[in-house]
Amino acid sequence: MTDYQDIIYEVGDGRARIILNRPRRHNAITDVMTREIEAALWDADDDTSVHSIIIKGAGLSFCSGYDLDAYGDHSEPRGERRGRAAFDDRAWQLEKMQRPLRAFHDIHKPVIAQVHGHCLAGGTGIAMFCDMVIVADDANFGFPAARAGTLPNQMWLYSAGPQWTKRLTLTGDTVSGEDAARLGLALKSVPHELLETEVEGLADRLAHVDIDLLSANKRIVNIGVELMGAQILQRMAAEMDTRAHLSDSTEQFLGAIGAHGLKPALADRDKVFGDGRARVTAPEIRDAQGNLAQTAQK
């Protein structure tokens, strides 16, 4: 595939670069984008000049999540796109959305996520299916959409462990890039101005390694993750998100999007959470609006 609408695909210097290219929407995900990402991943995997793949975002953010405005009329119950409102129909839709992202795991070449700005909701799904994540210190990483559903792609558990996965997904709170690295959601964090240098430097090192060796080392680790149930968990995540969408609060949220638009619905959902930020290494002392007090930082 050579003509792309929502991504830019480049090859050079022993690497491929996939650039999410909807900067006015903070690279919010569409069906077109997921199909194009999948096609680009397999193109890079088939190219013997490519040793690694970098995925990053144009503009101010890596990815703000799924573009809810692109997914139909929210005034109607979810799950009617196959002509019937049913649990299985909703699960079918989520599994269909999952499939392109599984290519990150299935291809033989290592993929590095270069994360800056917002990496939220479905954006974390893209990042955490990658083999390594390098994030800017000041990035905003989390899944606020868990306040109206669950994670349809569940790789958090394998990186952050059960307690922090619960802490962040039960509240939808976010963490900084520095804290994401502390938790294992990212390999490391670096100052924003050094992010590209850090990622490209890692790609330089991977370019010195035979692609067959890169494949063997990536795949044995991924087989280990599969043995820990990662692939089964993705299927269960789709079904659990389907269950979550049966809740009254989720139906009310989707109805609010249909009635008032996405931004007002999000503002109403999130207002009680203040700045929506969790803190990893210091007490979470908050003001009356739910914002973290700066005096609590170490």
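The name an unreviewed UniProt entry assigns to the chain is Enoyl-CoA hydratase, from the organism Mycolicibacterium mucogenicum. Within the UniProt record for the chain, the comment given under Sequence similarities (unreviewed entry) is "Belongs to the enoyl-CoA hydratase/isomerase family."

Chemist: What's the story with the nonpolar core in this structure? I'm lost.
Modeler: Where a protein is soluble and globular, its nonpolar side chains tend to be buried together. Core analysis: the largest hydrophobic core is formed by 55 residues, its most contacted members being Ile37, Leu41, Ile53, Ile55, Phe104, Ile126 and Leu185. Per element, the largest residue contribution to this core is 6 residues, and it comes from helix H1 (residues 31–46). Not counting the four nearest positions on each side in its chain, isoleucine 37 is found in contact with Ile7, Ile18, Leu20, Ile55, Phe104 and Ile126. Membership of the second largest hydrophobic core comes to 11 residues, among which are Ile54, Ala136, Leu195 and Leu214.

Chemist: Before we go on, may I ask you to explain helix H2 (residues 87–98) in this structure?
Modeler: Along an α-helix, a turn takes 3.6 residues, which lines up residues three or four apart on a common side. Here H2 contains 12 residues, and its C-alpha end-to-end distance of 17 Å stays within 8% of the 16 Å for a straight helix at 1.5 Å per residue. By the burial criterion, the buried members of H2 are Asp89, Arg90, Ala91, Gln93, Leu94, Glu95, Met97 and Gln98. Along its buried surface, H2 packs onto helix H9 (230–244).

Chemist: Can you help me understand the confidence of the model for the chain in this one?
Modeler: As a note on interpretation, predicted positions should not be read in detail where pLDDT is low. In the predicted model, the chain carries a mean pLDDT of 91, and the fraction of residues at 70 or more is 93%. Taken as a whole, residues 73–80 scores under 50 in pLDDT and shows 18 contacts with residues more than four places along the chain or in a different chain.

Chemist: It is not clear to me how the pairing of strand E3 (residues 52–57) should be interpreted in this structure. Could you clarify?
Modeler: Side-chain positions along a regular strand alternate between the two faces of the sheet. Among the 6 residues that make up E3, 6 are buried, leaving the element largely enclosed by the rest of the structure. With burial as the criterion, each face of E3 is covered, one bearing Ser52, Ile54 and Lys56 and the other bearing Ile53, Ile55 and Gly57. As defined by bridge partners, strand E2 (residues 15–20) adjoins E3 across 6 bridges and the pair is classed as parallel. Across the sheet, isoleucine 18 pairs through a bridge with isoleucine 55, a residue of E3. At this point the chain moves from E2, through H1, to the parallel E3, and the crossover so formed is right-handed.

Chemist: Just checking my understanding: could you explain helix H4 (residues 122–129) for this structure?
Modeler: The element H4 is extensively covered by neighbouring structure, given that 8 of its 8 residues are classed as buried. By the burial criterion, the buried members of H4 are Gly122, Gly123, Thr124, Gly125, Ile126, Ala127, Met128 and Phe129.

Chemist: Please clarify how a nonpolar patch on the surface should be interpreted in this entry.
Modeler: A contiguous nonpolar patch, built from Ile220, Val221, Ile223 and Leu227 and spanning about 420 Å² of accessible area, is present on the exposed surface. Residue position: leucine 227 is located in helix H8 (residues 211–227).

Chemist: Looking at this structure, I do not really get the sheet that holds E2. What am I missing?
Modeler: Strand pairing in a sheet relies on backbone hydrogen bonds. The paired strands run either parallel or antiparallel. The mixed open sheet is built from 6 strands, whose spatial order is E1-E2-E3-E4-E6-E9. If you trace the sheet from one side to the other, it starts and ends with strand E1 (7–12) and strand E9 (188–190), each paired once. Taking the axes of each pair of neighbouring strands and ignoring which way they run, one obtains an average angle of 20° across the sheet. Looking at chain direction, E3 and strand E4 (residues 111–115) are connected through 4 bridges and run parallel. The partner of isoleucine 54 across the bridge, within E4, is isoleucine 112. Docked against the sheet, H1 engages E1, E2, E3 and E4, running at close to 10° with respect to E1.

Reading the values: the criteria
Sequence order as written defines the numbering, with residues in each chain counted from 1. Predicted model: local features are reported for residues with pLDDT of at least 70 only, side-chain atom pairs are reported and counted for 80 or more only, and whole-chain, interface and lining totals are derived from all residues. Side-chain numbers here rest on the full set of heavy atoms in the structure, without hydrogens or water. UniProt positions are given in the numbering used here, feature names are shortened, and annotations may be inferred rather than shown by experiment. Grouping buried Ala, Val, Leu, Ile, Met, Phe, Trp, Tyr and Cys residues that are joined through side-chain atoms within 4.5 Å yields what is termed a nonpolar core. Working definition: with a 1.4 Å probe on protein chains only, accessible area under 20% of the residue-type maximum means buried, over 50% means exposed, and in between means partly exposed. The helix count covers DSSP runs of H or I at least four residues long, the strand count covers runs of E at least two residues long, and both are numbered beginning at the N terminus. Throughout, a contact is declared for two residues whenever any of their heavy atoms are within 4.5 Å. A helix is expected to span 1.5 Å for every residue after the first. For every residue, the predictor reports its confidence as pLDDT, a number between 0 and 100. A strand pair is defined by DSSP finding two or more bridges across the two strands. If the strands point away from the viewer and the path from the first strand over the helix to the second runs clockwise, then the crossover is right-handed. Patches here: salt-bridge-free residues with over 30% relative accessible area, like charges joined within 9 Å, nonpolar side chains (Val, Leu, Ile, Met, Phe, Trp, Tyr) joined within 5 Å. Methods summary: accessible areas were calculated by the Shrake-Rupley approach with a probe of 1.4 Å, and residue burial reflects only the protein chains presented. For this analysis, a salt bridge means a side-chain nitrogen from Lys or Arg found within 4 Å of a carboxyl oxygen belonging to Asp or Glu. What counts as an axis is a line fitted to C-alpha atoms, over the stretch in contact for a helix, and the angles between N-to-C directions run from 0 to 180 degrees.

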